[in-house]
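# Topology and contacts: notes
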Amino acid sequence: MSYFVDFARPYTAILALLALMAGAYAEEDRRQSYPSQEKTAEAVLISAHRLFDGVRFHRDHAVLIEGGLITAVGPPEQLRKRAAKAIDLEDSTILPGFIELHAHSLIRKVPPDVILRHGVTTVRDVGGPLAPVSGGVGKLRLLTAGPIITVQSGYPISTFGKGYIAESVDTPQQAKDLVRKLVERGAAVIKIALEPGGEPGAPWTQGHHGGAPPPWPIATPEIASAIVVEAHRLGKIVTVHIGENKGAAIALKAGVDEWAHVPCLEIDDDLIAQAARQKVKVVTTLDTMSHCPGTFTNARKLAKAGVSLLYGAEIAHVDIPWGIDAQELQLMHHAGLSIEEVLRAATSEAGKELGMEPLGRLQPGAPADLIAVKGDPEENLKMLEYPDFVMSGGVTVSNSFK
């Protein structure tokens, strides 16, 4: 949760059948609904030499948009008769709007219109004010976790004190009650912290004024498990801030769904293998964690083990662009992901993680969230930081092709 360093300078047969049914209903409930799309007066066809649909690249493809939704994708000559207006972006690439899975934009007051203009159309804030799902029609789509769940004097309270962006619990029952309260108030995800501190190079250990020295107390496996069980009962996933083996072991024992960072210190191979078996997802934040001694090794080991790496750059951290972070994408590629896999991690796979499919895809029925860049981003990922066209829910936000 390295944003904090930035702010300081300012997570029997019948019974079995019932359990299975409850799990199925919870999985359905965790699919977040996005706001209804504003209807447009005409069908618009946007074509380009290249199109990435959230899964793979296509040549000479177009997107048909109507009523704020994508209604068709394919060769422009097959779709042109259905459009009242056609826009040819020529030698450019169309992609889904990016999804940032690890941000702290609200508490840092990062302007949402700046994030949107720079290619990120959906943000998940994981530590900060709690707010309902919003945006999506010409506005940045925003989901929040609200305060991080920790224990008394645990991180981030250990560093910033009480009343910042964390709430503490002492017992499993208190943990369940807090999860329920957060979900009732609109939390899209539950975040917990299992951070004893002391990792060299970790952003959360540097540049702070005051605070308690590590080691910091962390939640017991019983408290962590209670959080996961209650969150899953309410249809929400749990993401966890960890930086080393102890936190990783507790998180895995508790059944946490996602790691909010690639850990700072090198993680033991048996824990990496366990994470793969449990199908844990890991949000990368490699750019933010670049000074940690074990982060890049962990990223390579996780990717090799088949753990799904998802894009998250930690918007609001002092080193991170307020939009798409090309350095994050490049580091994910160096960790062993192909360019298509990297882009999936920031689009379609991220949409799945939010439970908001087909968000992050260019396919019929998906929200018309898309960006375009002049040229081929497979040759230069940096151009993605400066998109030439941005659309949110069928509303054009910026267009330099005019």
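These lines cover the structure that appears in this document, whether it is placed above or below.

Thresholds, definitions, all that
- Residues numbered from 1 in each chain as written.
- Predicted model: local features only at pLDDT ≥ 70, side-chain atom pairs only at ≥ 80, totals over all residues.
- Heavy atoms only, no water.
- Axes fitted to C-alpha atoms, helices over the stretch in contact; angles between N-to-C directions.
- Helix = DSSP H or I, 4+ residues; strand = E, 2+ residues; numbered from the N terminus.
- Parallel < 35°, antiparallel > 145°, perpendicular 65-115°, else oblique.
- Left-handed = near helix turned anticlockwise from the far one by under 90°.
- Contact = heavy atoms within 4.5 Å.
- Nonpolar A, V, L, I, M, F, W, Y, C, P; charged D, E, K, R; others polar.
- Buried < 20%, exposed > 50% of the residue type's maximum accessible area, 1.4 Å probe, protein only.
- Pairing = 2+ DSSP bridges.
- Phe/Tyr/Trp six-rings, centres within 6.5 Å; stacked < 30°, edge-to-face > 60°.

## Here's the deal with the packing of helix H8 (residues 221–233) against helix H9 (residues 245–254)
For the pair H8 and H9, interaxial distance at closest approach is 8 Å and the crossing angle is 45 degrees. As far as their axial angle goes, H9 and H8 are oblique. For the element pair H8 and H9, the recorded crossing hand is right-handed. Between H8 and H9, the residues in contact are Pro-221, Ala-224, Ser-225 and Val-228 and Ile-250, Lys-253 and Ala-254, respectively. Per-class residue counts for the contact of H8 with H9 are five nonpolar, one polar and one charged.

## Focus on the environment of His-118
Tracing the backbone shows His-118 in the loop between helix H5 (112–117) and strand E7 (120–125). According to the relative accessible area criterion, His-118 is partly exposed, its value standing at 26%. It is 6.0 Å that separates the C-alpha atoms of His-118 and Glu-385, two residues lying 267 residues apart in sequence. Each residue touching His-118, except ones within four places of it in the same chain, is listed here: Trp-322, Gly-323, Ile-324, Leu-384, Glu-385 and Pro-387.

## A few points about the pairing of strand E3 (residues 69–74)
In the sheet, strand E2 (residues 57–66) pairs with E3 via five bridges, with the strands oriented antiparallel. Residue pairing for E3: Ala-62 is matched across the bridge by Gly-74.

## Quick notes on the packing of H9 against helix H10 (residues 269–277)
As a packed pair, H9 and H10 sit with axes 10 Å apart at the nearest point and diverge in direction by 30 degrees. By the angle between their directions, the pair H9 and H10 is classed as roughly parallel. Of the two elements, H9 crosses H10, and the hand of that crossing is left-handed. On the side of H9, the interface is formed by Asn-245, Ala-248, Ala-249, Leu-252 and Lys-253, while H10 contributes Leu-271, Gln-274 and Ala-275. Its residues assigned to classes, the contact of H9 with H10 shows five nonpolar, two polar and one charged.

## A word on the pairing of strand E17 (residues 389–392)
The alternating pattern of E17 places Phe-389 and Met-391 on one face and Val-390 and Ser-392 on the opposite face, and all of these are buried. Where strand E16 (residues 370–374) meets E17, three bridges bridge the pair, whose relative direction is antiparallel. By the bridge assignment for E17, Ile-371 is matched with Val-390. Of the pairings in the sheet, the one linking E17 to strand E18 (residues 395–399) comprises four bridges and is antiparallel in character. Following the sheet pairing, Ser-392 is matched in E18 by Val-395. Where E17 folds back onto E18 in an antiparallel hairpin, the turn is made up of two residues, including Gly-393, whose phi is positive at roughly 55 degrees.

## Details of the packing of aromatic side chains
Taken as a whole and judged by the stated rule, the model has four aromatic pairs. Ring geometry for Tyr-155 and Trp-204: centres 6.4 Å apart, planes at 50 degrees, overall tilted. On the criterion of sequence distance, the pair formed by Tyr-155 in the loop between strand E9 (148–151) and helix H6 (157–160) and Trp-204 in the loop between strand E11 (190–193) and H8 is long-range, its members being 49 residues apart. A relative accessible area of 1% places Tyr-155 in the buried class. The exposure class assigned to Trp-204 is buried, which follows from its relative accessible area of 0%. Of the aromatic side chains, those joined through ring pairs into one cluster are Tyr-155, Trp-204 and Trp-216.

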